[in-house]
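Okay, here's what each chain looks like letter by letter:
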Amino acid sequence: MSSLINSSLEESFSRELKQLFSAEDMLLDKALCWTYGYDNSRLHAPPQAVLFARSHHQIVQLVKLCRQYHMPIISRGSGTGTTGATVPVKGGVILSFEKMNNILGIEANNRLIITEPGTTNQAIQNAAAEHGFFWPPDPTSSTICTIGGNLAYNSAGPRAVKYGSTRENVLGLTVVTGKGDTLKTGVKTTKGVVGYDLTRLIIGSEGTLGIITEAVLKLTPLADEKQTLQISYDSIHSAAQAVSAIMAQPVTPCALEFIDKQAIEMIRDYSSAKLPHNAGAMLMVELDGSKSYLEEGLESIICSAQNNGCIEIIKAETEQDVKSLWETRKALSPALRKIAPKKINEDVVVPVSKIPDLIENLDRLSQKYNIPIVNFGHAGNGNIHVNLLTDPDDQQLQIKAQQCLEEVFQLVLSLDGTLSGEHGIGLVKKQFVSKELDETNLKYMQAIKQQFDPDNILNPGKTIPEATRE
Ligand SMILES: Cc1cc2nc3c(=O)[nH]c(=O)nc-3n(C[C@H](O)[C@H](O)[C@H](O)COP(=O)(O)OP(=O)(O)OC[C@H]3O[C@@H](n4cnc5c(N)ncnc54)[C@H](O)[C@@H]3O)c2cc1C
């Protein structure tokens, strides 16, 4: 691909862009563009322009124009992604969806909501709640992250243990491919098996196969009631064993979160919840359903959570108790940033039965490399956020941290796990993808990319290694 990447936009391209986007929907000033060159990975590269999308038709025209000029297009929601997927490493235009944020309709009887991609997750939850429903994906960043970002990353959160991730909660999409074609995927019904499942292919593709301009999301009825438990254990191993036991009994919690000892100590200052002292780990378990279901369900969960290492089980009695617990859990990620100059934040997944093995070996790696590792996350899915605390100014430590990380990934794969459960690949994990996917898999994926985006203009350089051109 002959690239147009240079410090300024070609005049004719710029002129045509101005036909498509009004002055208020376009940033060309370098300083203003700079602010759209990052995400929560803290990587940065400046785009050549920032465009605020308004309509599907406009995006079709934009793709056709960018194709002509070999200009990369990087879709962007709120930039809360943690893996650099919105960072324009190959230059190009940032296509922001912050102004394309209308909810287009709710069909309560069909349990669906239709939305533009720039709507926040929270706005969807609020609109759905008015009709007695919710949309299950609930990333901790829900108040600011967008549906487009949730779809492109296949984001999830605590509720995924019972209700699945984004992929399980979408009926259909409207997408503009890298050729400028409009693709309507999926169905508006809860069943449908005609053709290949392009909806699930686009979800999780990190803006590399198509630009999502509309989504039909599947809604779930809100539960009558919830019960939340805080369970403390003497060691991380007892907690990990309890997770396996809870998931082996028939009642599925709607959240099963895990916090290790270091994480408990770390958030004590940021929490109004009554956190246990001298505990090696803590679980937060939430159950939703009708009153009678909850009574029986709680008994079953408590019974399976008890083992020799269980110190105490506390039931949250008031709304405030529940709120404090969740605020505590949500404070973890930002708190880590305050404690260490740099955290390498992974979101690996292993089969639930292998969590004890994972934790034990992470302990070993922490000691081997003398690097603190803080673990917490969505244990019910085996999805553990593994945080290596480092210092970017210490070169030696940085090298050790990278070696440690390689071993963490080897460990995860040896336990039949996967490198990322919800944060995606973006830039930061791309070099590790071939450790998990073999050559045949990668070739098929590269051929799919070629089909959707023959000129490699959609978020180039992300997600999978690029095919070598023959
Ligand atoms: C404090 C904090 C907590 C978090 N907690 C969680 C969590 O619990 N679970 C979780 O899964 N994630 C979590 N995240 C990560 C992040 O919030 C999610 O990945 C979120 O879905 C990203 O949404 P966004 O709007 O910020 O997307 P962005 O970061 O802007 O973009 C993400 C990806 O989506 C693509 N994209 C955006 N819009 C479109 C579109 N219309 N069409 C095609 N591609 C598009 C981008 O190109 C990029 O590849 C957290 C982040 C933070 C900062």
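Here we look at the packing of helix α8 (residues 236–248) against helix α10 (residues 291–305)
Closest axis-to-axis distance for the α8/α10 pair is 8 Å, and the angle between their directions is 145 degrees. The crossing of α8 and α10 is right-handed. Here α8 contributes Ala242, Ala245 and Ile246 to the contact with α10, which in turn contributes Ile301, Ser304 and Ala305. Here the residues of the contact of α8 with α10 sort into five nonpolar, one polar and no charged.

Thoughts on unusual backbone geometry
Phi at arginine 111 is positive, roughly 55 degrees, even though this residue is not glycine. Position of arginine 111 relative to the elements: it lies in the loop between β5 (103–107) and β6 (112–115). Exposure remark for arginine 111: the 17 C-beta atoms within 10 Å place this residue in the partly exposed category. Despite not being glycine, asparagine 456 has its phi angle at roughly 55 degrees, a positive value. Relative to the assigned elements, asparagine 456 resides in the segment after α15 (439–452).

Quick word on the packing of α8 against helix α12 (residues 355–369)
Between α8 and α12, the shortest axis-to-axis distance is 8 Å and the interhelical angle comes to 160 degrees. Classed by the angle they form, the pair α8 and α12 counts as roughly antiparallel. Crossing of α8 over α12 shows right-handed handedness. For the pair α8 and α12, contact is made by Ile236, His237, Ala240, Gln241, Val243 and Ser244 and by Ile355, Pro356, Ile359 and Glu360, respectively.

Quick word on the sheet that holds strand β10 (residues 210–218)
On the basis of which strands lie adjacent, the open sheet formed by five strands has the order β5-β6-β10-β8-β9 and antiparallel pairing. The open sheet has two free edges, formed respectively by β5 and β9 (182–186), since each of these has just one partner strand. Neighbouring strand axes in the sheet, compared pairwise and without regard to direction, differ in orientation by 15 degrees on average. Bridge count between β5 and β6: four bridges; the pairing is antiparallel. Bridging across to β6, isoleucine 103 finds its partner in threonine 115. Strands β5, β6 and β10 of the sheet are contacted by helix α4 (residues 121–129), whose axis makes an angle of about 140 degrees with β6.

A short note on the pairing of β10
By the criterion of burial, β10 is predominantly enclosed, with seven of the nine residues buried. Where β6 meets β10, four bridges bridge the pair, whose relative direction is antiparallel. Note on β10: the bridge partner recorded for isoleucine 113 is leucine 217. When strand β8 (residues 170–177) meets β10, the two strands line up antiparallel, connected through seven bridges.

With respect to the site of the ligand
In the vicinity of the ligand there are 37 residues, among which Gly77, Gly81, Gly148, Gly149 and Gly207 approach most closely. Listed by contribution, the elements that provide at least two residues to the shell around the ligand are β3 (73–76), α5 (147–153), β10 and α11 (319–339). Top element by residues in the shell around the ligand is α5. It accounts for five residues. The residue makeup of the shell around the ligand, split by class, is 12 nonpolar, 21 polar and four charged.

A look at the environment of glutamate 257
Inspection of the secondary structure puts glutamate 257 in strand β13 (residues 255–260). Spatially, the C-alpha atom of glutamate 257 lies 34 Å from that of methionine 100, the residues being 157 residues apart in sequence. Each residue touching glutamate 257, except ones within four places of it in the same chain, is listed here: Pro158, Leu283, Met284, Arg329, His378 and Ala379.

Remarks on the sheet that holds strand β4 (residues 93–96)
One open sheet accounts for four strands, arranged β1-β2-β4-β3; its pairing is mixed. Each edge of the open sheet carries a strand with a single partner, namely β1 (26–27) and β3. Sheet topology note: the strand β2 (residues 49–52)/β4 ladder contains four bridges and is parallel. Residue pairing across strands places phenylalanine 52 opposite serine 96, the latter belonging to β4.

Here's the deal with the nonpolar core
Formed by 60 residues in total, the largest nonpolar core has its most connected members in Ala239, Val243, Phe258, Leu283 and Val285. Among the elements that take part in this core, α8 stands out by supplying seven residues, more than any other. Counting residues in hydrophobic clusters, the runner-up holds 49 residues, among them Cys66, Leu171, Ala215 and Leu217.

Quick word on the environment of glutamine 367
Structurally, glutamine 367 is set in helix α12. The exposure class assigned to glutamine 367 is exposed, which follows from the 10 C-beta atoms found within 10 Å. Between the alpha carbons of glutamine 367 and isoleucine 236 there is a distance of 16 Å; along the sequence they are 131 residues apart.

Here's the deal with α8
Between its first and last C-alpha atoms α8 spans 19 Å; for 13 residues at 1.5 Å apiece the expected length is 18 Å, and the two agree. Listing the buried residues of α8 in full gives Ile236, Ser238, Ala239, Ala240, Gln241, Ala242, Val243, Ile246 and Met247.

Here's the deal with helix α13 (residues 395–414)
The first and last C-alpha atoms of α13 sit 29 Å apart over 20 residues, in line with the 28 Å expected at 1.5 Å per residue. Turning to α13, its buried residues number three or more, namely Leu397, Ala401, Cys404, Leu405, Val408 and Val412. With its buried residues spanning 110 degrees around the axis, α13 presents them on a single face. Exposed and oriented more than 90 degrees from the buried face of α13 are Gln395, Gln396 and Ile399.

Parameters and conventions
For every chain, the first residue of the written sequence is number 1, and numbering continues from 1 onward in sequence order. Where totals are concerned, whole chains, interfaces and linings use all residues; where local detail is concerned, this predicted model gives features only for residues with pLDDT of at least 70, and gives and counts side-chain atom pairs only at 80 or more. Axis lines are fitted through C-alpha atoms, for helices just across the contact stretch, and the angle between N-to-C directions can take any value from 0 to 180 degrees. Numbering of helices and strands starts at the N terminus; helices are DSSP runs of H or I of at least 4 residues and strands are runs of E of at least 2. In this scheme the crossing of two helices becomes right-handed for a clockwise turn of the near helix relative to the far one and left-handed for an anticlockwise turn of less than a right angle. With C-beta atoms placed from the backbone, a contact is any residue pair whose C-beta atoms sit within 7 Å. When residues are sorted by character, Ala, Val, Leu, Ile, Met, Phe, Trp, Tyr, Cys and Pro go into the nonpolar class, Asp, Glu, Lys and Arg into the charged class, and all the rest, Gly among them, into the polar class. Three exposure classes are used, all based on how many other C-beta atoms lie within 10 Å of a residue's own C-beta (placed from the backbone): buried at 20 or more, exposed at 12 or fewer, and partly exposed between those limits. Here roughly perpendicular refers to angles of 65 to 115 degrees, roughly parallel to angles under 35, roughly antiparallel to angles over 145, and oblique to all remaining angles. When DSSP finds two or more bridges between a pair of strands, those strands are recorded as paired. Here is the check we use: build the C-beta atom from the backbone, and if it is within 6 Å of the molecule or strand, call the residue near. Any set of buried Ala, Val, Leu, Ile, Met, Phe, Trp, Tyr and Cys residues joined through C-beta atoms within 7 Å is what this text calls a nonpolar core. Here the expected length of a helix is defined as 1.5 Å per residue gap, with one fewer gap than residues. By arc we mean the arc of the directions from the helix axis to the C-beta atoms, nothing more.

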